[in-house]
Amino acid sequence: MNFEKKIRTEKVIQFGEGGFLRGFVDWMLQKMCDNGSFDGSVVVVQPIEQGMCDLLASQNCLYTHVIRGVEGVDKTLVDVISRCVKPYDDFEAYLALADQPEMRFVVSNTTEAGIVFSDEDKITDAPPKTFPAKVTLLLKRRFEKGLGGFIFLPCELIDRNGDNLKKAVLSYADLWNLGADFKAWVEKENVFCNTLVDRINTGYPKDEDMQLGYEDKMVNTSEFFHLWVIETDYDIEKELPFSKAGLNVIVTPDKLEMYRTRKVRILNGAHTSLVPYALLSGLDTVKSCIDNETMNTHLRKCVFDEIIPTLDLPADELKSYADSVLERFANPYIKHYLSSIALNSVSKFKVRVLPSILEYKKRFGKYPETLTFAFAKLIEFYRTDMTNDDPDVVKFMKSATVDEILANTKLWGEDLTDMAEEVKKNAN
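Residues numbered from 1 in each chain as written. Predicted model: local features only at pLDDT ≥ 70, side-chain atom pairs only at ≥ 80, totals over all residues. Heavy atoms only, no water.

Asker: How do you make sense of the pairing of strand S9 (residues 194–198) when you look at a structure like this?
Answerer: Two faces, one strand: in a regular strand the side chains alternate between the faces of the sheet. S9 sits mainly inside the fold: five of its five residues count as buried. Covered by surrounding structure in S9 are Asn194, Leu196 and Asp198 together with Thr195 and Val197, the residues of both alternating faces. (Buried < 20%, exposed > 50% of the residue type's maximum accessible area, 1.4 Å probe, protein only. Helix = DSSP H or I, 4+ residues; strand = E, 2+ residues; numbered from the N terminus.)

What follows is the structure, encoded as structure tokens:
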């Protein structure tokens, strides 16, 4: 790619170089830069040891984002990423981001498994393993420099993601004895927003000619629909003027939970209750599942018969949203690979599907047949070599019995032995 790249002040630290953040947050920042309402660039931090930063850097952090749907095709050249930093290769370069006074925002997408606290992380680790521990050391450096705090916009699909990130940071402050002054600075000078993100990003279009006229190994694809709900009392629009760029961003002091529950249970729950079963059946994309009678029936039973009855929003609104989700899944231009969605499926199942199962049992006195079938398929899926998850999780799931898996409170947050009979009906 031979394009002249605009030089902007670095204002955003981004944990994650994957397709979602590049097709959601970076795309939005590009739109704001293009219309003149924002002037800033992004430094991407590769949060794990192996990633795509080298490939991104090889084309000067430029890439094309392509949006496709019944509305047509939209292509945007994204040049808001200034550079990449790899903490596992150069930890000092990572910490030095805290020294830049203009740095203002921290965005992240480290999956549902990312915002966790581990007392095994040490202050001397360079870097520590968990994302919150890395953030804590970054904040420690910033505090020691006497600079102002950050606005955190985590995009992980967990409940109260900003609150949980802040809690983990304060836990590391206690673990590492960073002192009352540091903790007070974290509380007072930093804004931890709870957020909800909604856009189907499908990443690199394998086996497709995007007709760009140039080679782009980091080209990214998505649907047109996008929604970002940001829960905060802070007037974030004065620094990130989403509305001036016509972006579908809702900033609210207290309404996030309504949007989150609907989206995570229906859209993400549909994905996660489908993917293991579909991969075991030899399918490869969400669209192929919509076109397959067996998978389509499975999906509709999960959503309309077992997930929606556990939610308290108006039934018509829920059904309308579910219909729109299935329409988005059927987008002929969207090649959403099941293998991409399958990343960290255990933690995703805990957040996206398990609450529906437990609420169904609470309301109707029995476990939902199709969602417990999906649970069995999740276990069966982890017996294969198709999984992409924490090595310890994979090892346990592959060797443990169904009873041992369901009893593992570390995985599920509670003992699920009570549903063993229902899961075993369909477990191989």
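After that view, the rundown keeps rolling.
Asker: Looking at this model, I keep getting lost on the side chain of Thr387. Mind explaining?
Answerer: Counting through the fold element by element, Thr387 comes out in the loop between helix H15 (369–381) and helix H16 (391–399). Excluding anything up to four places from it in sequence, Thr387 contacts Phe381, Tyr382 and Val394. (Contact = heavy atoms within 4.5 Å.)

Asker: Help me understand the environment of Leu318, please; the structure alone is not making it clear to me.
Answerer: Among the structural elements, Leu318 can be located in helix H11 (residues 315–329). Between the C-alpha atoms of Leu318 and Arg142, which are 176 residues apart in sequence, the distance is 44 Å. Aside from chain neighbours lying at most four places away, what touches Leu318 is Arg262, Ile266, Ile308, Leu311 and Leu313.

Asker: How do you make sense of the state of the cysteines when you look at a structure like this?
Answerer: Linking two cysteines covalently via their sulfur atoms produces the bond known as a disulfide. Applying the stated criterion across every chain yields a total of zero disulfides. Here Cys193 is not cross-linked by a disulfide; its sulfur's nearest cysteine counterpart is in Cys155, at 11 Å. The exposure class of Cys193 is buried, given its relative accessible area of 0%. (Disulfide = S-S within 2.5 Å.)

Asker: What am I meant to see in empty space enclosed by the protein here?
Answerer: If you roll a probe as big as a water molecule over the atoms, it shows you where there is empty space left. Tallied over the full model, the rule gives two cavities of 30 Å³ or more. Each pocket or cavity is described by its volume, and for the largest cavity that value is around 60 Å³. Among the secondary structure elements, those contributing two or more residues to the lining of the largest cavity are helix H2 (25–34) and strand S6 (105–108). Broken down by element, the residue count for the lining of the largest cavity peaks at four residues, all from H2. By residue class, the composition of the lining of the largest cavity is 11 nonpolar, no polar and no charged. The set of elements that each furnish at least two residues to the lining of the second largest cavity consists of helix H8 (256–280) and helix H13 (345–352). Of the residues forming the lining of the second largest cavity, the biggest block, four residues, is contributed by H8. Its residues assigned to classes, the lining of the second largest cavity comprises four nonpolar, three polar and one charged. (1 Å grid on protein atoms, 1.4 Å probe; cavity = no way out; pocket = protein on both sides within 12 Å on 5 of 7 lines; lining within 4 Å. Points joined across faces, edges and corners; volume = space filled by probe spheres on them. Nonpolar A, V, L, I, M, F, W, Y, C, P; charged D, E, K, R; others polar.)

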